[in-house]
Each structure stands twice: as structure tokens, then as C-alpha cells.
Amino acid sequence: MNFLITGGSGFIGGHLTEKLLAAGHRVTVIDNYSTGSPRNLAAVRDNERLTVVEEDILHAAGLEKLIENSDVIYHLAAAVGVELVVHDPVRTIRTNVDGSARVLEYAAKYHRRVILASTSEVYGKSTHPEFNENDDLLIGCPVRSRWSYACSKLLDEFYLMAYHRNMALPGTVVRFFNTVGPRQTGQYGMVVPRFVKAALSGQALKVYGSGEQSRCFCHVYDTVRALVALADCPESIGNIYNIGSTESVTIMQLAQAVVKQLGSSSKIEVIPYEQAYEHGFEDMLRRKPDTAAIRSLLNWKTENTLEDIIADVAAEMQMQL
């Protein structure tokens, strides 16, 4: 089969590309390297079944032809990371909304299978113990740029569902819950690689906010297994699926676990949100997925623990050093 991965040189895209090539498929990656990197495709760069197109999906003249020539499109291209979202909301909205509009328009025209990557951020300020795909959503006020990412990705979801209803687009939405693992960068605020890098270098681990906010971290290998299985699952068309671990940990507990597991002497500092991001920054206290839908559909579950994630991230970083 022929796969197209937008944002394929990103963290998740690189791992997905490797998985598909290993299964014997042809893969085309389109990426402008704004938040991705050619390093994420280094292990497969010489594979004859891989084609890399260095262009921005907002402006790429050949995007329509790439989609026409593909069997399945993984739309991963997006502006990601809390720091990027807060400090460049215009880029966030344009990349996520306008880019997705182009991809979905052409996919609907040629009736191509699409799996669109969304985010747990769309659940916004909801206070449910677990987030279900059918939950109502509570997004923060527009004066807080932090919510521009959630709103832009939510609009992507509405776009896909509209094309599905009006033009029978065979599309599926996946909501990622903190996917982490080797090759992820902490440059845009991703907490696990930030903490691991600090612990390895003996620097302070900076916990933003109170540290009592909890998250569930899913290994990229588990996420990719779900993505690959969904492409060949017609029952998933027209639906939304959470992909993530259900093992909750507070950010303070995460920092402590990283220090302990890596035998680091690093200290832990608590930094107010206003100092880390912007005045009035808002965050969710908890973010735990209900994964019953994808577990029932694919018999999928996470196979890697938080300890596995920390170990794999640290091992990759030490190799770079």
C-alpha cells in the first residue's frame, strides 16, 4: 500500500514511517521541518520505498497529487507544544486549521482513507475523572492563547466529520494523550524529555504550576501500534478514538520518578505558570482517557510502563551525548 504521512519527520511520524516501511509498504512524507527533523527519519533515509517531500502543506503545490497517489493518509502535521502554542498562536491556528482544510478537501475529492491526529487538549477545562469521546467539551476563553491549539484541533475534527457526512470521506479521528518516547524533543515544552535531559545533565528539573496536575503518558510504540491497526479497520470510519495510557501520575511524581530512576543528583524546582508561560495561563488538573472504545475495537492496550518510557528516552539521549 501507499501511505502519505503529513508531518512525517516529526516525533510520532518518524516512528510510524519506520513501522510502515518495515511492513513492506511505500511511504511518502511531507514536512517543512518546522517542529520535526530529518534526524527522525535517519534510520530509513536510504529505504527505496521512502519518498520525502520538504514542503509546507499550507503552500505545497503538489499536495493534491500526493493525496491522489496514496491509499491512506495519516495527517499528523500540526503546530504542537505548549510553549509554541502560547507564544505563536497565529502560526498554531493557520497550520492546524488551514493545513487540515487542504488535506481533507483533496482526500474527500479522491475518497482516500484518512486518519487525523487530534489531541486530548480538546477536552479543555472538563473536570471528569476520565475523558470519553462522547463528552461535551469546555474550552477556555479566547483571550488565553493557550486554548488556540485545542480550538484549532477541534475544528479539524469538525472538518473531517463534515466531509464524512457530506462526501462519505473514510476518515477517523484519534485523540493523543501525551505520547512520549525516544527522539521526542523538549524544545516546545514536552515534559518527559525536558525532565530526562535535566536529570542526565545534573540540572534542576523545572515543574511548572503546582506540580499536582496529573497526566497519563503513552509510549510512542503503543501509539503507533494503534495507528497502524486503525488504517485497516473500516469499523473505525466516522468515529473518534482516545489513544493513551490510563496510568496517572502527577507532574511532581514524574519529576521524582525521573530523578530516582536515573540516579540523578538534580534538584526539583517549582516554577509558577505566569513565569513559565504567560499571565493568566490556565491548565487542566487531570487528563486521563477512557480507552474502552479503542480497546473494544482493536483489542489494543498499552504494553509499556512509565518506567519503560523514562528508560527509553534516557537511553536515546545518552546515545546522542
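Residues numbered from 1 in each chain as written. Predicted model: local features only at pLDDT ≥ 70, side-chain atom pairs only at ≥ 80, totals over all residues. Heavy atoms only, no water.

Some thoughts on the overall build of the chain
Counting its secondary structure elements, the chain contains 11 helices and 14 strands. A compact globule built from 321 residues should have a C-alpha radius of gyration of about 20 Å, and the chain, at 19 Å, falls within 12% of that. With the principal axes as the frame, the chain shows a C-alpha extent of 55 × 45 × 40 Å. Per-residue burial over the chain gives 55% buried out of 321 residues. For the chain, the proportion of contacts with a sequence separation of at least 24, taken over those separated by at least 6, is 81%. Only carbon and sulfur atoms are counted for the fraction: they give 48% of the accessible area of the chain, which is about 14000 Å². (Helix = DSSP H or I, 4+ residues; strand = E, 2+ residues; numbered from the N terminus. Rg over C-alpha atoms; globule rule 2.2 N^0.38 Å. Buried < 20%, exposed > 50% of the residue type's maximum accessible area, 1.4 Å probe, protein only. Contact = heavy atoms within 4.5 Å. Areas by Shrake-Rupley, 256 points an atom, 1.4 Å probe, with all protein chains shown as cover.)

Remarks on the sheet that holds strand E14 (residues 286-287)
Reading across from one edge, E12-E9-E14 is the order of the 3 strands in this open sheet, with mixed pairing throughout. Of all the strands in the sheet, just strand E12 (248-250) and E14 have a single pairing partner and so form its edges. The pairing of strand E9 (residues 214-216) with E14 spans 2 bridges and is parallel. Its bridge partner being in E14, Ser 214 is matched across the sheet by Arg 286. Packing against the sheet, helix H8 (residues 251-261) makes contact with E9 and E12, and its axis sits at approximately 85° to E12. (Pairing = 2+ DSSP bridges. Axes fitted to C-alpha atoms, helices over the stretch in contact; angles between N-to-C directions.)

A word on the packing of helix H1 (residues 11-22) against helix H7 (residues 220-231)
The N-to-C vectors of H1 and H7 enclose an angle of 60°; their axes lie 10 Å apart at closest approach. Comparing the axis directions of H1 and H7 gives the class oblique. Crossing of H1 over H7 shows right-handed handedness. Contacts from Phe 11, Ile 12, His 15, Leu 16, Lys 19 and Leu 20 of H1 reach H7 at Val 220, Tyr 221, Val 224, Leu 227 and Val 228. Its residues assigned to classes, the contact of H1 with H7 shows 9 nonpolar, 1 polar and 1 charged. (Parallel < 35°, antiparallel > 145°, perpendicular 65-115°, else oblique. Left-handed = near helix turned anticlockwise from the far one by under 90°. Nonpolar A, V, L, I, M, F, W, Y, C, P; charged D, E, K, R; others polar.)

With respect to the state of the cysteines
As enumerated under the stated definition, the model contains 0 disulfides in all. Residue Cys 141 stays outside any disulfide, its sulfur separated by 10 Å from that of Cys 151, the closest cysteine. In this structure Cys 216 is a free cysteine whose sulfur lies 9.6 Å from that of Cys 218, the closest cysteine sulfur available. Residue classification places Cys 216 among the buried positions, given a relative accessible area of 0%. (Disulfide = S-S within 2.5 Å.)

A few points about the pattern of salt bridges
Here the structure, examined in full by the defined rule, presents 10 salt bridges. In this structure, the salt-bridge partner of Lys 65 is Glu 68, at a minimum N-O distance of 3.1 Å. Taken as a pair, Lys 65 and Glu 68 lie in helix H2 (residues 63-68) at a separation of 3 residues, close to a single helical turn. With a relative accessible area of 47%, Lys 65 lands in the partly exposed category. (Salt bridge = Lys/Arg side-chain N within 4 Å of Asp/Glu carboxyl O.)

Structural notes on the packing of H8 against helix H11 (residues 306-320)
One way to put it is that H8 packs onto H11 with a least axis distance of 11 Å and a crossing angle of 60°. The orientation of H8 with respect to H11, classified from their angle, is oblique. In this structure, H8 meets H11 at a crossing whose hand is right-handed. Contacts between H8 and H11 pair Leu 254, Ala 257, Val 258 and Gln 261 from the former with Leu 306, Glu 307, Ile 310 and Ala 311 from the latter. Class assignment for the residues of the contact of H8 with H11 results in 6 nonpolar, 1 polar and 1 charged.

Looking at the nonpolar core
The biggest cluster of nonpolar side chains holds 30 residues, and the ones touching the most others in it are Tyr 74, Leu 227 and Ile 243. Of all elements in the fold, only strand E1 (2-6), H1, strand E2 (26-31), strand E4 (72-75), strand E5 (113-119), strand E6 (171-176), H7 and strand E11 (240-243) reach the threshold of two or more residues within this core. If you tally residues by element for this core, the top one is H7, at 6 residues. Not counting the four nearest positions on each side in its chain, Tyr 74 is found in contact with Phe 3, Leu 4, Ile 5, Thr 6, Leu 16, Leu 20, Ile 115, Leu 227, Val 228 and Ala 231. In this structure, Val 191, Val 192, Ala 199 and Leu 205 belong to the second largest nonpolar core, which totals 23 residues. (Core = buried A, V, L, I, M, F, W, Y, C linked by side-chain atoms within 4.5 Å.)

Describing unusual backbone geometry
With phi around 55°, His 111 is a residue other than glycine that occupies positive phi space. Looking at where His 111 falls in the secondary structure, it is placed in the loop between helix H4 (89-109) and E5. Under the relative-accessibility criterion, His 111 is labelled partly exposed at 45%. Even without glycine at this site, Ala 168 takes up a positive phi of about 55°. Relative to the helices and strands, Ala 168 is located in the loop between helix H5 (148-167) and E6. Residue class for Ala 168 comes out partly exposed when judged on its relative accessible area of 42%.

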